[in-house]
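This is what each chain is made of:
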Amino acid sequence: MKDKKSVVLVLDSSIFINNIEILQLNYPLFTINELGQELISERAKLLFDVALINGRLNLIEPSLKSQKYIEKISRKTGDFYNLSKIDRKILALAWYIKNNLNFDPIVLTEDYSMQNILSKINIKYTSFVELGIKSLIHWEFYCPECRTIIKSPNKDFKCPNCGTKIKKRPKTIRRIKK
Ligand SMILES: [Zn+2]
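Along every chain, residues carry numbers that run from 1 in the direction the sequence is written. Only residues with pLDDT of at least 70 get local features here, since the model is predicted, and only at 80 or more are side-chain atom pairs given and counted; chain-wide, interface and lining totals rely on the full set of residues. With hydrogens and water excluded, all non-hydrogen atoms of the structure serve as input to the side-chain values.

S.K.: Summarise the packing of helix α4 (residues 64-77) against helix α6 (residues 112-120); cite the residues concerned and give the values.
M.R.: Axis angle and axis distance: for two packed helices, these are the angle between their axes and the distance between the axes, and together they describe the pair. Here an angle of 0 to 180 degrees is reported between the N-to-C directions of two axes, which are lines fitted to C-alpha atoms, with helices fitted over the stretch in contact. Starting at the N terminus, helices and strands are each numbered in turn, a helix being any DSSP run of H or I of at least four residues and a strand any DSSP run of E of at least two. Two elements in contact, α4 and α6, have axes whose closest approach is 10 Å; the angle formed by their N-to-C orientations is 110 degrees. One way to sum up the angle between α4 and α6 is to call them roughly perpendicular. For the pair α4 and α6, contact is made by Ile-73, Ser-74 and Thr-77 and by Asn-116, Ile-117 and Lys-120, respectively. A per-class count over the contact of α4 with α6 returns 2 nonpolar, 3 polar and 1 charged. Angular relationships are summarised with four words: roughly parallel below 35 degrees, roughly antiparallel beyond 145, roughly perpendicular across 65 to 115, and oblique for the angles in between. Contacts between residues were defined by any pair of non-hydrogen atoms, one from each residue, lying within 4.5 Å. Ten residue types, Ala, Val, Leu, Ile, Met, Phe, Trp, Tyr, Cys and Pro, are classed as nonpolar, four, Asp, Glu, Lys and Arg, as charged, and the remainder, Gly among them, as polar.

S.K.: I'd like a description of the environment of Pro-105, backed by residues and values.
M.R.: Assignment of secondary structure puts Pro-105 in strand β4 (residues 103-108). Among the residues examined, Pro-105 registers a relative accessible area of 1% and is labelled buried. For Pro-105 and Lys-5, which are 100 residues apart along the polypeptide, the C-alpha to C-alpha distance reads 9.3 Å. When residues no more than four places from it in sequence are discounted, the contact partners of Pro-105 are Val-8, Val-10, Ala-94, Ile-97, Lys-98, Ile-123 and Lys-124. Burial classes: relative accessible area under 20% of the type maximum marks a residue as buried, over 50% as exposed, and values in between as partly exposed (1.4 Å probe, protein chains only).

S.K.: Describe the sheet that holds strand β1 (residues 6-11), listing the residues and the values that go with them.
M.R.: For two strands to count as paired, DSSP must find a minimum of two bridges between them. Taken in spatial order, the 5 strands make up an open sheet running β3-β2-β1-β4-β5, and their pairing is parallel. Two strands bound the open sheet, and with one partner strand each, they are β3 (57-59) and β5 (124-126). Each strand axis lies, on average, 35 degrees off the axis of its neighbour in the sheet, ignoring direction. As paired elements, β1 and β4 share 6 bridges and run parallel to each other. Of the residues in β4, the one forming a bridge with Ser-6 is Phe-103.

Given below as structure tokens:
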């Protein structure tokens with residue numbers, strides 16, 4: 001019987017931007033070096049640095065082969081332009097971990113395009129709530145192109161105004177009191 005691989009979490013910027021307490025996550029955490037540069041708010045940067053200093057965050061550079069593969073897939077699905085270079089590199093990291101390290105990666109992301117690619121390449125993903133993080137998130141759908149806020153998205157997840165694939169972001173997050 002094959003040994004069950006241990007689960008690791010791959011992080012995008014959302015966990016830092018939304019001030020989620022990273023020490024709540026009881027798994028090894030992986031991301032890419034460039035993520036630190038993407039974080040704009042002081043608070044988010046601080047969370048990133050603290051996780052790094054505490055040895056909770058493993059920074060790994062995915063192989064060029066993995067990066068090329070994700071680029072190819074995202075062009076095929078049409079998600080390429082909805083994803084930043086950093087988003088694609090995080091996806092490449094998950095792919096790299098799955099195929100080269102002895103781990104079972106789960107990507108923690110709130111981004112619809114990233115989730116779309118992940119289901120195409122059979123890598124698991126989750127959001128804060130599903131992980132049991134004790135915060136309540138209200139979602140908002142928006143168009144990354146024309147900035148329209150969409151109340152109830154259609155099944156195809158296209159902007160009713162300009163046809164661009166819409167994205168999802170946490171609108172408000174509230175800690176759930178015990
Ligand atoms: Zn639009």
